[in-house]
Every structure is written in C-alpha cells, then in structure tokens.
Amino acid sequence: MYTLNANFPQFVNEVLATEKRVLNARPAVNIRENDTAFFLELAAPGLLKEDFDIQSENGVLSISVDKKQEEEVKYFKQEFEFNTFKRSFKLPNNVDLVKIQASYKDGILVVNLPKREELKAKKVEVLVG
C-alpha cells in the first residue's frame, strides 16, 4: 500500500504560493484578413492602451509591454502576469505602413494593417511582326 508523505501537500502549497509562475507570458494572437486589410488581435487583459509600445521597422511589427508593478503584492497563488512581453510579426509586402492603426478594448488589442493599393495591370498591345 502506498502512503503519501504527510508534508507533501504543505510543500506543494508553499511552492505554489511563493513560486513566480508566468503562464501564457506571450499573449495569444489571432490574425485575420479581408479584402482591404489584415487584423492582428492580441489578448492582453488588465492593461491600459498606454502600456503598449507598437513599432514597425524593416517589415517587422513589434508589440511590447514593459509594465512595472507599482506596489508589492503578495499572492497566495499567481498563474498569470503580463508585466513584460514582446511579440514580433513579419509584415506582408502589401501592408501600407503609414496607415497602421491600433485600438484596445475589453482586453483585446486590435492592430489594423491596411493593404496598399496595388498597381493595376496596364493593358499593353503587343504587335507581332
């Protein structure tokens, strides 16, 4: 018969109470597209729109948050935390970098990546000689 060490549950509770666990440290992202734009949706609840730093450089979109906790909080158990993260995405060539916009509502950051007007093909008559 197997017996459980009497101190094991206490040990687990102490570890869970004191261990700094960061689950889902990289927020989940959805990317969708329609005829005029791509939309990047990043799940990041509990933040303010001012917490986000969104940059586009060399065809890469970077979204980061570096938020410092203002006061020391003692958690009994902590399984999520979004104090710091950075996500980067290679942008398609047809994104109009000048028109990128973002909004943050209900814990979801939505980045609107409008598509550039592509040059329309010109009809050229070719004479066969």
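S.K.: Explanation requested: the packing of aromatic side chains in the structure shown.
M.R.: The relation between two aromatic rings is expressed through the spacing of the ring centres and the mutual angle of the planes. For the coordinates displayed, the defined rule picks out 1 aromatic pair. Geometry around F39 places R32 over its ring, the cationic atom sitting 4.4 Å from the centre.

S.K.: What is the right way to read the pairing of strand β1 (residues 29–33) from this model?
M.R.: Moving residue by residue along a regular strand, the side chains alternate between the two faces of the sheet. Direction of pairing for β1 relative to strand β2 (residues 37–43): antiparallel, over a ladder of 5 bridges. Its bridge partner being in β2, R32 is matched across the sheet by F39. Here β1 hands over to β2 after 3 residues, the two strands then running antiparallel side by side.

S.K.: I tried to follow the sheet that holds β2 on my own but got confused; where do I start?
M.R.: Sheets are built from strands paired through backbone hydrogen bonds, the pairs being either parallel or antiparallel. Pairing is antiparallel across the open sheet formed by 4 strands, whose spatial order is β1-β2-β7-β6. Where the open sheet ends on each side, the last strands, each with one partner, are β1 and β6 (101–105). For this sheet, the mean inter-axis angle between neighbouring strands, taken without regard to orientation, is 15 degrees. One ladder, built from 7 bridges, connects β2 with strand β7 (residues 108–114); its direction is antiparallel. Following the sheet pairing, E41 is matched in β7 by V110.

S.K.: I tried to follow the nonpolar core on my own but got confused; where do I start?
M.R.: Counting residues in each nonpolar core, the largest one holds 17 residues, and the members touching the most others are L42, F52 and I63. Residue assignment for this core shows that the elements contributing at least two residues are β2, β4 (60–66), β5 (84–90) and β7. Ignoring sequence-local partners within four residues, the contact set of F52 consists of L42, A44, L47, I63, S64, V65, F85, Y104 and L109.

Rules used in this analysis
Residues numbered from 1 in each chain as written. Predicted model: local features only at pLDDT ≥ 70, side-chain atom pairs only at ≥ 80, totals over all residues. Heavy atoms only, no water. Phe/Tyr/Trp six-rings, centres within 6.5 Å; stacked < 30°, edge-to-face > 60°. Lys NZ or Arg CZ within 6 Å of the ring centre and 35° of its normal. Pairing = 2+ DSSP bridges. Helix = DSSP H or I, 4+ residues; strand = E, 2+ residues; numbered from the N terminus. Axes fitted to C-alpha atoms, helices over the stretch in contact; angles between N-to-C directions. Core = buried A, V, L, I, M, F, W, Y, C linked by side-chain atoms within 4.5 Å. Buried < 20%, exposed > 50% of the residue type's maximum accessible area, 1.4 Å probe, protein only. Contact = heavy atoms within 4.5 Å.

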